[in-house]
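An overview of the molecular structure
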Amino acid sequence: MGKMARRCGRATSRFSAEHESPVSMTAAAAFFICLCLAFPPAAEAGLYTASDQIVLLSEQNVGSVLVNSSAAMVVEFYASWCGHCISFSPTYKKLARDIKEWKPAVNMAAIDCAADENVEICTKYKIRGYPTIKFFHVNSSANSLGKPYRGFSRDVQELRHMIIDSLESPGDPWPPACPPLEPTSEAEIDNFFETNTVQHLALIFENEKSYVGREVTLDLLQFENITVRRVLNTEKRLVSKLGVTEFPSCYLYYPDGRFQRLVVKFEVRSFYFYALQRLPGVVRSGKPPPVFLALLKNRTEEPWRDFNSSRVYMADLESALHHSLRVELALQSVIKGDALTALKDYVSVLAKYFPGRPVVMNLLKSLNSWLRNQNEGPISYEAFRERVDNTAQVPDAALPEGVRWVGCQGSQPHFRRYPCGVWTLFHVLTVQASNTGGSDPKEVLNAMRNYIHNFFGCRYCAEHFENMAREDLEDVTTLTSAVLWLWYRHNRVNNRIAGDLSEDPYFPKIQWPSPEMCPSCHTVKDNGEHSWNKAQVIRFLESYFSSSHILTDYLENESKILEKQRAKHSHQLRESLAQRHAERIVREASNAFTSLPPSSVQEGEEVEGPQKEEEEEEEGPQDEAEAYEEDNEGGEENPVPAASDRGHQRAHRIPSIIGMRLRPRREDIVDLDSFVNQHFKAKALQLAASSLIKQRTLQTKVEQEPRPAFSLGMELDAGLGMVGLEPLDEFNQMNSIHQGKGLQKRELAGQYFRREVELNHRGHWMSVISVGFSKLDISLCVILYALSFTCLLAMCLFFRNRLRRRRFKFALP
């Protein structure tokens, strides 16, 4: 539904022809589309998005952006259906990235005149054709129509020069944040440090028509402790003083009057910018200075690990896997639909191309195999986590828990780390796919795109990555182009977030690789613009991210990882057994009053406290062993001892009578179920008693022989009165004494059971008669019945005698 919302928000975009399978329209989806049509998201409308570092104008913000602005504005008025606008949009985006550092002085914006809500705005600014670019100087009034650029080209350098010319236009106000762009003189340089406190003064010597000095000045606008001034070649005294022979060239001037030439590979804008921002003490405005390594070691939560910045570390890759599979995916309790498909593709790519250690690869392959078998709807993250933690006990398979950042560690705990690890991970996967000859060039990129879209925690970052993928991911046709695509997009992200609060001052965002790391990767065009040597770049990437180039420093030993995993599983098993045992005790206690027959314990009898505690102590280990035996089916660790071993353990246990519990107070309510249960339980007691007598007789004969003794345990199982033999604890030295006591207890137990059976047999019909009545009621009924019978008998005798007397009288003469 989110994708549908984005499509309706950019209905006029040239990217709207994205292939999607048709879906049935529900009432909820229809309502959501209506909301999208009423409130189109600005970040997704037209040809540009928020990821392009371009302000998207609308009726709501056009006044605040263009009127009384503190920065000059370059605005493109376009129509999303215009073919020329569509072809020009990549150039405009590239220009926005190119002058991103100029933002305090110059900013860029765009507005789609094809949108109905923007027609009035475009009419106000006298737009007659598309695309139209206008320059709005600082503090423009509400009536200002802007200065149009006529006949502009699609060359970024020419557009950049047009903007500089507009800034220097005579009569227009100067942006407050913009430094002076006019040439400096020798007198000004001599007095510079008297009025300024910066550490570095960079002098760029050039001819009058050159723009390099002004461009570098604007590029370093957001940096502190450095000032850039341009010096024309006409300043003969200063040129001869420093011995300048090349134009352009850059020299550093220090407060003590010392000069030093800045050594770069090419005397062009991009190399000057990179070298100057790396000078000691040069930092972005508002950012803390880079901390020294000695201080850095004490500022993070974990110890600082020294590393080689020109190498990749396996510890970073495994840390990224841990956070991805155990932390980030845990945010979704149930994984289904497109998210489940994305997860399967992600794990499949990891199992195929991740250059990990054997234990990690075994775990990834096992996880991939399990996911491929999950064809019936959604899966829970709990089940997925069990596979990640290898609860199935796959041999020699484990993923280390916790993180150990090395090459991705930051100067503060909130810098770099997981985002750096994710980028490194996917760079490695693309290179591995290229080196091993993968079949699908977009396999890794699609897996990365879908994972970030469905699971990546930073939703703002996920949206930006989706915007980049939507642009030209379909143009990737080879494995090499996939490697270059990801590298180029990574540099775009670095350009966009350079200077943000998320940037680590100790590791500033640059266009990577740097000239120091790969000098052959950088070159210049004929017009002096920086260019990448892509052949050298791909060679560098394939070497830098190759499996043979990855360092294994700071990794935990594989045997220790497996040992920790086994210990964790054993601990979880013990906790599970303890929980089951506790649940069983509670369940038996709750069923005790409803399961036992009323005749098993006479009303008013009580079981002594110490005997009750002893019974529970004997029941506990036996129940736990039974539960453990159930859990270890299938050959897992710590199997239950064999029958012979169990018999030997039972041979020495203190004799006790088990199962003597209080009978609950009977209620005066007719319960037919209880009546039926009591009837059949009485029969079960008779059968148990008969078998008990046979066992006891047999056991008495056997006890005369010198062998371990057994005590008779009367455990009433679920109210059925099942009788079994309970083992004795280890008392080998006092065996004879315990045997005599055992015989007495067995006789008492036999007498108790015979009496119990007789009472049950004798009281069976009494129980039938007494259904629903108390003993007092029955006694009263018997007494009344006896009195009634006596009265009837007396009356019968009385009338019988009287009748005889009458007959006698009639017989007299």
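Residues numbered from 1 in each chain as written. Predicted model: local features only at pLDDT ≥ 70, side-chain atom pairs only at ≥ 80, totals over all residues. Heavy atoms only, no water.

**Observations regarding the packing of helix H20 (residues 479–497) against helix H21 (residues 534–544)**
Quick reminder of the rule: For helices, the fitted line uses only the C-alpha atoms of the stretch in contact; every axis is such a line through C-alpha atoms, and the angle between N-to-C directions lies from 0 to 180 degrees. Strands here mean DSSP runs of E at least two residues long; helices mean DSSP runs of H or I at least four residues long; both are numbered from the N terminus. Each angle receives one of four descriptions, namely roughly parallel if under 35 degrees, roughly antiparallel if over 145, roughly perpendicular if within 65 to 115, and oblique otherwise. Note on definitions: a residue-residue contact is assigned when non-hydrogen atoms from the two residues lie within 4.5 Å. Residues are grouped as follows: nonpolar covers Ala, Val, Leu, Ile, Met, Phe, Trp, Tyr, Cys and Pro; charged covers Asp, Glu, Lys and Arg; every other residue, Gly included, is treated as polar.
At a closest axis distance of 10 Å, the pairing of H20 and H21 adopts a crossing angle of 90°. It follows that H20 is roughly perpendicular to H21 by the angle criterion. Of the residues in H21, those in contact with Thr480, Val483, Leu484 and Trp487 of H20 are Lys534, Val537, Ile538 and Leu541. Among the residues forming the contact of H20 with H21, the class breakdown is six nonpolar, one polar and one charged.

**Remarks on the pairing of strand E6 (residues 200–206)**
Stated formally: Think of it in three bands: with a 1.4 Å probe and only protein chains considered, a residue is buried below 20% of the maximum accessible area for its type, exposed above 50%, and partly exposed in between. When DSSP finds two or more bridges between a pair of strands, those strands are recorded as paired.
Within E6, seven of the seven residues are buried, which leaves the element mostly enclosed by the surrounding structure. Going residue by residue along E6, you find His200, Ala202, Ile204 and Glu206 tucked away on one face and Leu201, Leu203 and Phe205 tucked away on the opposite face as well. As paired elements, E6 and strand E8 (residues 226–232) share seven bridges and run parallel to each other. By the bridge assignment for E8, Leu203 is matched with Arg229. Judged from the five bridges that link them, E6 and strand E9 (residues 249–253) form a sheet pairing that is antiparallel. In the strand pairing of E9, Leu201 is matched with Tyr253.

**Focus on H20**
The following threshold applies: The span you would expect from a helix comes to 1.5 Å times its residue count less one.
A rise of 1.5 Å per residue sets the reference length of H20, with its 19 residues, at 27 Å; its end C-alpha atoms lie 28 Å apart and thus fit the reference within 8%. Counting buried residues along H20, 16 of its 19 residues qualify, which places the element largely inside the surrounding structure. Downstream of H20 by a residue or two, Gly499 has a phi angle that is positive, lying close to 90°.

**Some remarks on the confidence of the model for the protein chain**
Detail in the predicted coordinates should be disregarded across regions flagged by low pLDDT. Heads up, the condition is: pLDDT measures the predictor's confidence residue by residue and takes values from 0 up to 100.
Looking at the protein chain, the pLDDT average stands at 78 and 69% of residues meet or exceed 70. Throughout residues 599–668 the model reports pLDDT below 50, and contacts reaching past four residues in sequence, or to other chains, amount to 108 contacts. In the predicted structure, residues 696–738 sits below a pLDDT of 50 and forms 88 contacts with residues beyond four places in sequence or in another chain.

**Overview of the pattern of salt bridges**
Basically, it comes down to this: Salt bridges are defined by distance alone: a side-chain nitrogen of Lys or Arg within 4 Å of a carboxyl oxygen of Asp or Glu.
Across all of its chains, the model carries 28 salt bridges by this definition. For Lys568, the salt bridge goes to Glu401, with nearest N and O atoms at 2.7 Å. A residue pair is termed long-range when its members are at least 10 positions apart, and Lys568 in helix H22 (residues 558–595) and Glu401 in the loop between helix H16 (381–388) and helix H17 (418–436) qualify at 167 residues. You can call Glu401 partly exposed: its relative accessible area is 45%. Put simply, Arg492 and Glu471 hold a salt bridge, and the shortest N to O gap is 3.1 Å. Of this pair, Arg492 sits in helix H20 while Glu471 is found in helix H19 (residues 459–472), placing the two residues 21 residues apart along the sequence. Linked through salt bridges whose partners overlap, the residues forming this network are Asp98, Arg160, Glu215, Asp219, Arg269 and Glu529.

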